[in-house]
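# Reading the structure
Here's the letter readout for the chains.
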Amino acid sequence: MPALLALLVVLLQAPAWANNPPSFQAIEESLTCQCGCGLTVHSCNHLQCPSALPLRQEIREQLALGLDKTAILAHFQEKYGEKILSSPTTSGFNLAAWTAPFVMLLIGGAVVIVTLRRWRRAGAHAPSAAAGAPTTPAVAAPRSALERELDRELDRFDG
């Protein structure tokens, strides 16, 4: 009951969060540094980075204009291209980047389940030697001369 009450309070306050201006750090983490480090602008650890420092200044300017996070990211995407975003957009071909891991996980799970069911069925239909069932098939395939020779050698070895 307390968890349900807490969830209700959080959901009722969600619109208040939407009106808050985005934080500087949230914008920094949404942009990829262009210096080649592969990190976000927030995480770039190069001193005097030729990319992160101007981007941070530009973020400050955009925040000073009173823009929300979506508008700021749209500005950067328009200016630098989609490569500036630290995560792919959820439209067009990029949707595959978001859905492919889950689809592959579902396919892999289905393959495992089907395989386990087949193994279980095969094990249930296999005759059991302990139950006194014959261990050789009713109709044996013709045996080659090498297989008959191998059987003789094994019989001599056992006996």
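Before reading further, recall that the structure is shown in the block above.
Residues numbered from 1 in each chain as written. Predicted model: local features only at pLDDT ≥ 70, side-chain atom pairs only at ≥ 80, totals over all residues. Heavy atoms only, no water.

Turning to the overall build of the protein, a few remarks are in order. Counting secondary structure elements, the protein contains six helices and zero strands. The buried share of the protein, taken over its 159 residues, is 15%. Intrachain contacts of the protein at a sequence separation of at least 6 include 37% that bridge at least 24 residues. Only carbon and sulfur atoms are counted for the fraction: they give 64% of the accessible area of the protein, which is about 12,500 Å². (Helix = DSSP H or I, 4+ residues; strand = E, 2+ residues; numbered from the N terminus. Buried < 20%, exposed > 50% of the residue type's maximum accessible area, 1.4 Å probe, protein only. Contact = heavy atoms within 4.5 Å. Areas by Shrake-Rupley, 256 points an atom, 1.4 Å probe, with all protein chains shown as cover.)

Our next topic: the side chain of E28. Mapping E28 onto the fold places it in helix α2 (residues 24-30). Side-chain polar atoms of E28 contact the side chain of H42, separated by 2.9 Å. E28 has contacts with T40, V41, H42, R56 and I59, leaving out every residue within four places of it along the chain. (Polar contact = N/O pair within 3.5 Å; in protein donor to acceptor, adjacent residues only side chain to side chain.)

So, about helix α4 (residues 69-80). Between its terminal C-alpha atoms α4 stretches 16 Å, which fits the 16 Å expected from twelve residues at 1.5 Å a residue. Buried within α4 we find I72, L73 and F76. Taken around the axis of α4, the buried residues stretch over an arc of 95 degrees, which confines them to a single face. For α4, the exposed residues lying more than 90 degrees away from the buried face are T70 and E78. Contacts from the buried residues of α4 go to α2 and α3 (52-64). Count one or two residues on from α4 and you reach G81, which has phi positive near 95 degrees. (Expected span 1.5 Å × (residues − 1). Arc of directions from axis to C-beta.)

What follows deals with the environment of K83. The residue K83 is located in the loop between α4 and α5 (95-125) in this model. In the structure, K83 is positioned 52 residues away from L31 in sequence and 8.8 Å away in space, judged by C-alpha atoms. Those residues in contact with K83 that lie beyond four places of it in its chain are T32 and Q34.

Within a pair of aromatic rings, the relevant descriptors are the distance that separates the centres and the angle that separates the planes. Considering all chains together, one arrives at one aromatic pair under this definition. When the ring of F76 is compared with that of Y80, the centres are 6.0 Å apart and the planes differ by 15 degrees; the resulting orientation is stacked. Taken as a pair, F76 and Y80 lie in helix α4 at a separation of four residues, close to a single helical turn. The buried category is assigned to F76, whose relative accessible area is 0%. Judged by its relative accessible area of 29%, Y80 falls in the partly exposed class. (Phe/Tyr/Trp six-rings, centres within 6.5 Å; stacked < 30°, edge-to-face > 60°.)

On to the nonpolar core. Membership of the largest hydrophobic core comes to 14 residues, with the highest contact counts inside it found for L31, A52, F76 and I84. Broken down by secondary-structure element, the contributors of at least two residues to this core are α3 and α4. Those residues in contact with F76, other than ones at most four positions away along the chain, are L31, L55, E58, I59, Q62, G81 and I84. (Core = buried A, V, L, I, M, F, W, Y, C linked by side-chain atoms within 4.5 Å.)

For the structure shown, the criterion picks out four salt bridges. A salt bridge links E28 to R56, with the shortest nitrogen-to-oxygen separation between them at 2.8 Å. With a gap of 28 residues between them, E28 in helix α2 and R56 in helix α3 connect regions that are remote in the sequence. Judged by relative accessible area, which is 18%, R56 ranks as buried. E153 is the salt-bridge partner of R156, the closest N and O atoms lying 2.4 Å from each other. Remark: E153 and R156 occur in helix α6 (residues 145-158); sequence separation between them is three residues, near one turn of the helix. (Salt bridge = Lys/Arg side-chain N within 4 Å of Asp/Glu carboxyl O.)

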